[in-house]
Structures are given as structure tokens and as C-alpha cells.
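These are the residues of each chain, in order.
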Amino acid sequence: MSEADSPKLNYDLLMAYEGKGKQDWSVKDTIIYNLGVGFGISAIDDPEQLRFVLEDKIASFPTMGAVVAISAGMYADPRYGIAYNKILHGEEAIELLRTMPPSANFTSTNKVDGIWDRGAEGGAIMQVSRTVFADDEAVAINRSVYMLRGNGGFGGSMEGAPKAAAAPDRDPDGYYDLATRDEQALIYRLSGDTNPLHSVPKVAAKAGFPKPILMGLCNWAIAARGLVAGLADGDQTRLKRVGARFASVVYPGETIRTEYWKLGDGDVAFRCRVVERDQIVLTGGKATIA
């Protein structure tokens, strides 16, 4: 591997990073996001779900906070030394501070919580926090974990690195199935993720997949939908936090089964599998439902 392929991670500069994002978000944007995470499918048979896809009394879904006012400046900035083409999104979590409005002037502040070194062959782990504001009021805190596969061996340690929780050693207390559509990724990309891995067959094939894959944040949002449907009587405002680790891919058109365990006091553990292939795709899930 050449030096150009494996840049030197600038640990001190990354730990001092203070990013900002800004985005004017409309009701139409919210409808597009909701369609992207599958609410259009549900609304066909359940009129209650129409509130997510029609302008009248439009409702946002909490996971929308992960895609508004994104700031990604450091990842491709050579000053930080991140091997941009070797990044994998490992985990995502969101904590809701108040109900996400369906339209607002969204802004965000971003910082690096920590970077851990798995060695030259293992790469590095980086956790980033992003606080989202709607019209200057804080509404959500996102925490994202990234695998920096080209940046291991920079001299750091693994002390305090994020670890996924194991599922309880018993059968799940319940599950909820949600279907995806063949064109799901083509709709979800309209909310900002235009990576051709999710839309162009040739790009997916080059990456080793038989066809484009669904976005990880879309899978994660569908898991949250399953928790809300199965445990919160469909009331999305009761979901206060949700997070999980990405374990494998989902192909558009597959069914995502969210299996959950009630832990008490509104806390839930969960994982997701693709029904058609019996493949675990999200692990270490944790959520809180009021």
C-alpha cells in the first residue's frame, strides 16, 4: 500500500474539530424522507400512516435527525489525513431532545468524541457527535461510529472504544416485519445519500455485491419504525433514543424483521434480520420508549 493510499491520521487536528452544518428543510423534504424509509408502503393498508406522507398535519419520524444539516467537511479534507475511500459506517444512534419538526431551519454542531487504534492492519475507530438544532433550539444528538480502515497504526490505544452490546440470551419478546420496495434506495437517496453503491449496478458489482444495496441509515430507520409499531402503538414521539451497529447489507425489496427484548423502564434491546435470507443485518441495538 502506498503512502498516498494510507495517509497519516492527524489525531490532534481531528480531536479539535468543530464542524457546522446548515439546511433549510421543508415539509416536502420530510415527506420524501418518510417515503424513503418506507412509510408509503405502510400507508397503502393503514390510513393512520398517511400522516407521514401527506402535507395535511404532516408528521416527522425521529430518525430524520440523522440526515438534516449534515457537515462532512473533515472526511475528504486532506489536512485530517483520513483515508476517505476506506471509511465504513459502523454504528448510528440518536437521542431525541424534543419532537423533530417537519420543517425548520436546521443547523448542527459537530465534534469528534474519540479515535481508537486497532493497529496497522485493523484500522482505526472514530466516534463523532452531532447536535441538531431546529430554529436555534436543540432537538437531537446523533452519535456515529466510523471504521477508518486505512488509518490504523497511528499510535493510539483501544481503551474506551465503543463496544456493541450482546442480545439477551433468551428468545425475543416480540418482532415486527417491515417490507422494503425494489426502488427503496432510489427514493432514500433524495434525502442526501447519493453514493452510487446504492443506485448503480456496475458500482455495486465492483464492490462485490450482486446489485445495489440499501443505505445503512435507511435500514436503521426501518428498525426504529418496527420498534415504534411493535412497542409504542405507532406513536413515534415515544421513541426517545435508538442506536445499533451495522452488521450486514440489505437489498431493496427484502423484508427487515426487528426482534426486540423488553428490559424494563422503557429500555429495549433489539437486532434486525433479513427474513428472506435469515441474515442478521443490525446488532447491539438499544432503544428507549417512553
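The structure under discussion appears in the preceding block.
A short tour of the structure in this document, coming up. (Residues numbered from 1 in each chain as written. Predicted model: local features only at pLDDT ≥ 70, side-chain atom pairs only at ≥ 80, totals over all residues. Heavy atoms only, no water.)

Let's talk about the overall build of the chain
The test is simple: The helix and strand labels rest on DSSP assignments: H or I over at least four residues marks a helix, E over at least two residues marks a strand, and numbering proceeds from the N terminus. Throughout, radius of gyration means the C-alpha value; the globule benchmark is 2.2 Å times the number of residues raised to the power 0.38. Accessible area is worked out with a 1.4 Å probe on protein chains only. A residue is then buried under 20% of its type maximum, exposed over 50%, and partly exposed in between. Contacts between residues were defined by any pair of non-hydrogen atoms, one from each residue, lying within 4.5 Å. Method for areas: the Shrake-Rupley scheme with a 1.4 Å probe, in which residue coverage is limited to the protein chains shown. Two residue types count as positive, namely Lys and Arg, and two as negative, namely Asp and Glu; His and chain ends fall outside the count. Throughout, a charge is located at the NZ atom of Lys, the CZ atom of Arg, the CG atom of Asp or the CD atom of Glu.
Helices and strands together make up the secondary structure of the chain, namely seven helices and ten strands. The C-alpha atoms of the chain give 19 Å as radius of gyration, which agrees with the globular expectation for 290 residues (19 Å, within 12%). Expressed as lengths along the three principal axes of its C-alpha atoms, the size of the chain is roughly 55 × 45 × 45 Å. Classification of the 290 residues of the chain by burial places 47% in the buried group. A separation of at least 24 residues holds for 72% of the contacts in the chain among residues at least 6 apart in sequence. Accessible area of the chain: about 14000 Å², with a carbon and sulfur share of 49%. For the chain, the separation between the mean place of its 32 positive charges and that of its 37 negative charges on side chains is 2 Å.

Structural notes on the packing of aromatic side chains
As a reminder of what qualifies: Centres within 6.5 Å make a pair out of two Phe, Tyr or Trp rings, where for Trp the six-membered ring is used; the pair is then stacked when the planes are under 30 degrees apart, edge-to-face when over 60, and tilted otherwise. Here, a charge over a ring is recorded when the distance from Lys NZ or Arg CZ to the ring centre is within 6 Å and its angle to the ring normal is within 35 degrees.
One pass over the full model with this rule turns up seven aromatic pairs. Each ring, one from F39 and one from F52, has its centre 4.0 Å from the other, and the planes form 15 degrees; the classification is stacked. With F39 in helix α3 (residues 39-45) and F52 in the loop between α3 and α4 (73-76), the pair connects residues that are 13 residues apart, well separated along the chain. The residues F39 and F52 share a single accessibility class, namely buried. Linked through ring pairs, F39, F52 and F61 together constitute an aromatic cluster. Taking NZ or CZ as reference, R225 lies 4.3 Å from the ring centre of F39, over its face. Above the face of the Y175 ring, R257 is positioned so that its terminal group lies 4.1 Å from the ring centre.

Considerations on helix α2 (residues 27-36)
Those residues of α2 lying buried are T30, I31, Y33, N34 and G36. Contacts from the buried residues of α2 go to β1 (19-25), α3, α5 (184-188) and α7 (216-231). Positive phi appears at G38, one or two residues downstream of α2, with a value of about 100 degrees.

Remarks on unusual backbone geometry
Phi at D135 is positive, roughly 50 degrees, even though this residue is not glycine. Residue position: D135 is located in the loop between β4 (124-134) and β5 (137-148). Look at D233: it is not a glycine, yet its phi comes out positive at around 55 degrees. By the element assignment, D233 lies in the loop between α7 and β7 (239-246). What makes D233 exposed here is its relative accessible area of 74%.

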